[in-house]
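So the chains spell out like this:
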Amino acid sequence: VQLAESGGDLVQAGGFLKLSCAVSGGGIFSVNAMGWYRQAPGKERELVASIASSGSTYYADSVQGRFTISRVSSESTLYLDMNQLRPEDTAMYYCVRWSTMTRSRTLPPYWGKGTLVTVSS
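Residues numbered from 1 in each chain as written. Predicted model: local features only at pLDDT ≥ 70, side-chain atom pairs only at ≥ 80, totals over all residues. Heavy atoms only, no water.

### Some words on the environment of Val1
- Along the chain, Val1 falls in the segment before strand 1 (2-6).
- Counting along the chain gives ten residues from Val1 to Val11, while the straight-line C-alpha distance between them is 30 Å. (Helix = DSSP H or I, 4+ residues; strand = E, 2+ residues; numbered from the N terminus.)

Below is the structure:
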């Protein structure tokens, strides 16, 4: 399985970004849960959002109501729409895939290389 993120950029606070994650390999795209993690300098890695095989979603409290995770199976692509961006959203964002239909407590086995989001105040 290969995951390739894109869409990271420098944006002003209050702005919008759309991250994409192109998936190749690994069988049927929507069978496994997928998500987005982020890690800011000096901070722990954080699960931002996930989407299960059923389509049910999870969001961290810090992004609830501002971020939206989605997928397009025909494109084998995962998305993260990020609205009302804040300086504290600045981080490297990683696309991930679990081997299960729902996210598990263990770290996902598949990770992309990340895309950098920087939000200026």
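### Topic: the nonpolar core
- Counting 27 residues, the largest nonpolar core has Met34, Trp36, Leu80, Met82 and Tyr93 as the members making the most contacts within it.
- Within the residue set of this core, elements represented by two or more residues are strand 3 (17-24), strand 4 (34-39), strand 5 (46-51), strand 7 (67-72), strand 8 (77-82), strand 9 (91-97) and strand 11 (115-120).
- Apart from residues no more than four positions distant in its own chain, Met82 is found in contact with Gly15, Phe16, Leu17, Leu19, Arg66, Phe67, Tyr93 and Val117. (Core = buried A, V, L, I, M, F, W, Y, C linked by side-chain atoms within 4.5 Å. Buried < 20%, exposed > 50% of the residue type's maximum accessible area, 1.4 Å probe, protein only. Contact = heavy atoms within 4.5 Å.)

### Points about the pairing of strand 4
- With five of its six residues buried, strand 4 lies for the most part within the structure.
- Pairing analysis gives five bridges linking strand 4 to strand 5, with the strands arranged antiparallel. By the bridge assignment for strand 5, Met34 is matched with Ile51.
- Where strand 4 lies against strand 9, six bridges are found, and the strand directions are antiparallel. The partner of Arg38 across the bridge, within strand 9, is Tyr93. (Pairing = 2+ DSSP bridges.)

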